[in-house]
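Here's the letter readout for the chains.
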Amino acid sequence: MAVSDFIINSYESTIGLDQIHVSEENQNSLNQLLKEYKHLAILSHYNLPVANKIFLFGHTGCGKTTTAKAIAKALNKKIIILNLGNIVSSRLGETARNITEVFSKAARENAVLLLDEFDSIGKFRDHDAKDSAEMKRLVNTVIQLIDELPSHAFLIAATNHSQVIDTALLRRFQLKLKFELPTPKQLDTYYDSLLNPFPEEFRSVERTYNISYAEAKDITLRAVKNNIIASEEVKNSSNVFENTDGSIT
Ligand SMILES: Nc1ncnc2c1ncn2[C@@H]1O[C@H](COP(=O)(O)OP(=O)(O)OP(=O)(O)O)[C@@H](O)[C@H]1O
Ligand SMILES: [Mg+2]
C-alpha cells in the first residue's frame, strides 16, 4: 500500500475552536497560540519563536482530534491526518520512509500535519530484539523530522496513552494540552449547548455524568431523535385513526 492510502485529507467542515469545550488553561494556551500566529510576521522579524509543535493527550472522546482540526481551520490551513496506528502496525520496516514522505508533503502543502495515535511509535519496544531495533530507528527518524520541521509547518501529535511515549520525543513539543473527562458542571454546559438548537418539547434527556463529551453527544442526539420520532408517531397514529373513521381524507 502506498503511504497516500494512510492519509486522511480532511476538508470536512469542523466546529470552530470557540465551540470546543476546553479547560480554562487550554483555552488560554490556544488563545495565546492564535494571537502569536496573527502577528507571526513581526514576531519572526525579531526572531521570536512561535510554537508549531503541539502535543494533545488525554481521555478518549474529549476533543483532541476536534481541536487539531479546529486549529487548522483557525490558521486557515489544510489538515493532513496520519493515523500512526495503521501505518506502524502494518509494515514496521517501511514506516520511517512513509512518515518522512508525509512530513515533506505537509511542509510542501503548507498544511497542518496531525499524527494521530502517536503512541504507536513506542509500543513495539518490548517485543523481540529485531522489532526493538527497528522501533528505535523509527523514533530517531521522527525526532529528526521534528527537529528539521520548517517554521512555516505545523505539527500536532495526539494520543490517549501519553505515558508510553519516549521522553526525548515528548520534549520536542513546545505546547502540551491535556484533555480530561469533563466535570458534571462542564457536562451540563455541554448538554445545554447541544440541546439549545432544538425546540423545547424535544429537549428532555436523562443526563449522564462521568463520561466523555463524545458519549454525552451520542446520548443527547439519540434522545432528541427519539423524542422527535415519538412525537411524529403520535401524530401519525391520530391520522390513521381519523382516516379509518372517514373524517379525514
Ligand atoms: N471538548 C469538546 N467540546 C465539544 N465537542 C467535543 C469535545 N470533545 C469531544 N467532542 C465531540 O465528540 C466527538 C469526538 O471527539 P474527538 O474525536 O475530538 O475525541 P478524541 O479526543 O480525538 O478521541 P480519541 O482519543 O478516541 O481519538 C467530536 O466530533 C465532538 O463532536
Ligand atoms: Mg482522536
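This one's a predicted model, so the numbers in the text were calculated from it and none came from an experiment. (Residues numbered from 1 in each chain as written. Chains lettered and ligands numbered in written order. Predicted model: local features only at pLDDT ≥ 70, side-chain atom pairs only at ≥ 80, totals over all residues. Heavy atoms only, no water.)

**Focus on the site of ligand 1**
Inference 1: Close contacts around ligand 1 come from 15 residues, with Thr-60, Lys-64, Thr-66, Asn-160 and Lys-217 the closest.
Inference 2: Gly-63 is positioned with one of its backbone polar atoms (N or O) 3.0 Å from a nitrogen atom of ligand 1.
Inference 3: Within the side chain of Asn-160, one N or O atom sits 2.7 Å away from an oxygen atom of ligand 1.
Inference 4: Of all the elements in the fold, those that place two or more residues in the shell around ligand 1 are α3 (64–74) and α9 (213–245).
Inference 5: Residue classes in the shell around ligand 1 are distributed as 5 nonpolar, 8 polar and 2 charged. (Near = heavy atom within 4 Å. Polar contact = N/O pair within 3.5 Å; in protein donor to acceptor, adjacent residues only side chain to side chain. Helix = DSSP H or I, 4+ residues; strand = E, 2+ residues; numbered from the N terminus. Nonpolar A, V, L, I, M, F, W, Y, C, P; charged D, E, K, R; others polar.)

**Things to note about α3**
Inference 1: What α3 keeps buried is the set Lys-64, Thr-67, Ala-68, Lys-69, Ala-70, Ile-71 and Ala-72.
Inference 2: Of the residues flanking the end of α3, it is Asn-76, one or two places downstream, whose phi is positive at about 60°. (Buried < 20%, exposed > 50% of the residue type's maximum accessible area, 1.4 Å probe, protein only.)

**Considering helix α1 (residues 24–38)**
Inference 1: Taking 1.5 Å as the rise per residue, α1 with 15 residues should run 21 Å; its terminal C-alpha atoms sit 21 Å apart, in good agreement.
Inference 2: Within α1, the full set of buried residues consists of Asn-26, Leu-30, Leu-33 and Tyr-37. Seen along its axis, α1 keeps its buried residues to an arc of 60°; they face one direction. Exposed residues lying more than 90 degrees from the buried face of α1 are Glu-24, Glu-25, Lys-35 and Lys-38.
Inference 3: Contacts made by the buried residues of α1 are with α2 (40–45), β2 (53–58), α3, β5 (154–159) and β6 (175–179). (Expected span 1.5 Å × (residues − 1). Arc of directions from axis to C-beta. Contact = heavy atoms within 4.5 Å.)

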